[in-house]
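One letter stands for each residue in the lines below.
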Amino acid sequence: FDVKLEGYEPDNKERSMGMLGHLAGFAGLTGIPFGNILGPFLVYILKRDESAFVEDQAREALNFQLTMTLAAIASAILMVVLIGFVLIFAVGIWWIVGTAIGASKANKGERYRYPFTLRLVK
């Protein structure tokens, strides 16, 4: 966790934008290629200077979406040996559930960290 946010309480606007950072991952459902990455990335780039909380949550959402994309690609490759079919299902379920949990926590003003997520964007 970031020290500058220790004990910080985000206001309603910050909580809403933090939630949007997570929910923007569902932009991948619109048919936009890599929309799941593009959505949180845009929130991160456009709002990171306005709020440390929004920056933190949008960056976490972006890292989660990048991790899920890499996991989906690996699962697709592993379909050759059949285990990929099980893995792609598990990745898809965790993508939906994890994104919803992150959005809910951010909306409550909590700084959420996705488990098993690569922190590629620092």
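A few points on the structure. (Residues numbered from 1 in each chain as written. Predicted model: local features only at pLDDT ≥ 70, side-chain atom pairs only at ≥ 80, totals over all residues. Heavy atoms only, no water.)

**Let's talk about the layout of surface pockets**
To keep things clear, this is the line we draw: Put simply, the grid is 1 Å and covers the protein atoms alone, a cavity is a trapped set of points that fit a 1.4 Å probe, a pocket is an open set with protein on both sides within 12 Å along at least five of seven lines, and lining residues have an atom within 4 Å of a point. Grid points are joined across faces, edges and corners, and a volume is the space filled by probe spheres set on the points. Under the DSSP-based scheme used, a helix requires at least four consecutive residues in state H or I and a strand at least two consecutive residues in state E, with every element numbered from the N terminus. Gly is put with the polar residues, along with every residue not named as nonpolar or charged; the nonpolar set is Ala, Val, Leu, Ile, Met, Phe, Trp, Tyr, Cys and Pro, and the charged set is Asp, Glu, Lys and Arg.
Roughly 170 Å³ of internal volume is contained in the largest pocket. Lining the largest pocket, in full, are Phe-34, Asn-36, Gln-65, Met-68, Thr-69, Ala-72, Val-91, Gly-92 and Trp-95. Mapped by element, the contributors of at least two residues to the lining of the largest pocket are helix H3 (52-78) and helix H4 (83-107). In terms of residue count, the dominant contributor to the lining of the largest pocket is H3 (4 residues). For the lining of the largest pocket, the per-class residue count stands at 5 nonpolar, 4 polar and no charged.

**With respect to the packing of helix H1 (residues 12-23) against H4**
Condition: The axes are straight lines fitted to the C-alpha atoms, using for helices just the contacting stretch, and the angles between their N-to-C directions are given from 0 to 180°. Small angles under 35 degrees read as roughly parallel and large ones over 145 as roughly antiparallel, with 65 to 115 read as roughly perpendicular and the rest as oblique. Only heavy atoms matter for contacts: two residues are in contact if any of them lie within 4.5 Å across the pair.
Between H1 and H4, the least distance of the axes is 7 Å, while the angle of their chain directions is 175°. Taken together, the axes of H1 and H4 are roughly antiparallel relative to one another. Contacts between H1 and H4 involve Arg-15, Gly-18, Met-19, His-22 and Leu-23 from the former and Thr-99, Gly-102, Ala-103, Ala-106 and Asn-107 from the latter.

**Things to note about the pattern of salt bridges**
Threshold: By convention in these notes, a salt bridge is any Lys or Arg side-chain nitrogen within 4 Å of a carboxyl oxygen on Asp or Glu. The buried label applies to any residue whose accessible area, calculated with a 1.4 Å probe on protein chains only, is under 20% of its type's maximum; exposed applies above 50%, and partly exposed to all values in between.
Applying the stated criterion across every chain yields a total of 8 salt bridges. Taking the shortest distance from any N to any O, the salt bridge between Glu-55 and Arg-59 comes out at 3.3 Å. On the criterion of helical spacing, the pair formed by Glu-55 and Arg-59 is a turn pair, its members being 4 residues apart in helix H3. A relative accessible area of 14% means that Arg-59 is categorised as buried. Within this structure, Glu-55, Asp-56, Arg-59, Glu-60, Arg-111, Arg-113 and Arg-119 form a network of salt bridges that share partners.

**Details of the environment of Ser-16**
Inspection of the secondary structure puts Ser-16 in helix H1. Along the primary structure Ser-16 and Ser-104 are separated by 88 residues, whereas in three dimensions their C-alpha atoms are 9.9 Å apart.

**Examining the side chain of Glu-14**
Formally: Asp and Glu count as negative and Lys and Arg as positive, but His and the ends of the chain are not part of the count. Any pair of nitrogen or oxygen atoms within 3.5 Å is treated as a polar contact; in protein, a donor-acceptor pairing is required on top of that, and neighbouring residues in sequence qualify only through side-chain atoms on both sides.
With respect to the secondary-structure elements, Glu-14 resides in helix H1. Buried within the structure, Glu-14 lacks any salt-bridge partner; its nearest side chain of opposite charge belongs to Arg-15, at an N-O separation of 7.6 Å. Among the polar contacts made by the side chain of Glu-14, one reaches the side chain of Tyr-8 at a distance of 2.8 Å. A distance of 2.7 Å separates the side chain of Glu-14 from the side chain of Ser-51, its partner in a polar contact. In this structure, Glu-14 is in contact with Tyr-8, Ser-51, Phe-53 and Val-54, ignoring residues within four places of it in sequence.

**What about the packing of H3 against H4?**
One can describe the packing of H3 onto H4 by two numbers: an axis separation of 8 Å at closest approach and a directional angle of 170°. It follows that H3 is roughly antiparallel to H4 by the angle criterion. In contact with Phe-53, Gln-57, Phe-64, Gln-65, Met-68, Ala-71, Ala-72, Ser-75 and Leu-78 of H3, H4 contributes Ile-83, Gly-84, Leu-87, Ile-88, Val-91, Trp-94, Trp-95, Gly-98, Thr-99 and Ala-106. When grouped by side-chain class, the residues that make up the contact of H3 with H4 number 13 nonpolar, 6 polar and no charged.

That is the geometry; function is a separate question.
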